[in-house]
Amino acid sequence: MQQHDQNGTHYVEPNKMKIIKPEWVVHTGNAPIYSLHISPDGARLATAGGDHKVKIWNMAAINDENSNVSKLLSVLTHHTAVVNCV
């Protein structure tokens, strides 16, 4: 069961896992994100979307939204269908 606090942060019950996604982590046309993976060193986040793309994000920008580092590092295109898993 999902619940939201006054800031719109999602909480998943019963373990009260907190999921925070910056507003700028999106795929083209607000396509759904079906899968994500954080690199073992914690430096990059990969998302798989309904827009037939995989996007590689900089975790430094996610961990500190006031930093001046690049947010989006790479976009992998040319998939012929929705990307379900990374």
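It should be noted that the structure appears before, not after, this text.
Residues numbered from 1 in each chain as written. Predicted model: local features only at pLDDT ≥ 70, side-chain atom pairs only at ≥ 80, totals over all residues. Heavy atoms only, no water.

Looking now at the side chain of Asp 51. With respect to the helices and strands, Asp 51 occurs in the loop between strand E5 (44-49) and strand E6 (54-58). An unpaired buried charge is present at Asp 51: no salt bridge exists, and Lys 53, the closest side chain of opposite charge, is 4.5 Å distant. One polar contact links the side chain of Asp 51 to the main-chain amide nitrogen of Thr 28, over a distance of 2.9 Å. Separated by 3.2 Å, the side chain of Asp 51 and the backbone nitrogen of Lys 53 make a polar contact. (Helix = DSSP H or I, 4+ residues; strand = E, 2+ residues; numbered from the N terminus. Buried < 20%, exposed > 50% of the residue type's maximum accessible area, 1.4 Å probe, protein only. Lys, Arg positive; Asp, Glu negative; His and termini not counted. Salt bridge = Lys/Arg side-chain N within 4 Å of Asp/Glu carboxyl O. Polar contact = N/O pair within 3.5 Å; in protein donor to acceptor, adjacent residues only side chain to side chain.)

Turning our attention to the packing of aromatic side chains. In this structure the tally under the stated criterion is one aromatic pair. On the basis of an interplanar angle of 50 degrees and a centroid distance of 5.8 Å, the ring pair of Trp 24 and Trp 57 is categorised as tilted. Separated by 33 residues along the polypeptide, Trp 24 in the loop between strand E3 (17-19) and strand E4 (33-38) and Trp 57 in strand E6 bring together distant segments of the chain. (Phe/Tyr/Trp six-rings, centres within 6.5 Å; stacked < 30°, edge-to-face > 60°.)

Mapped onto the secondary structure, Val 83 falls in the segment after strand E7 (72-76). Separated by 48 residues in the primary sequence, Val 83 and Ser 35 have C-alpha atoms spaced 8.1 Å apart. Contact partners of Val 83, with chain neighbours within four places excluded, come to Tyr 34, Ala 48, Gly 49, His 52, Lys 53 and Val 54. (Contact = heavy atoms within 4.5 Å.)

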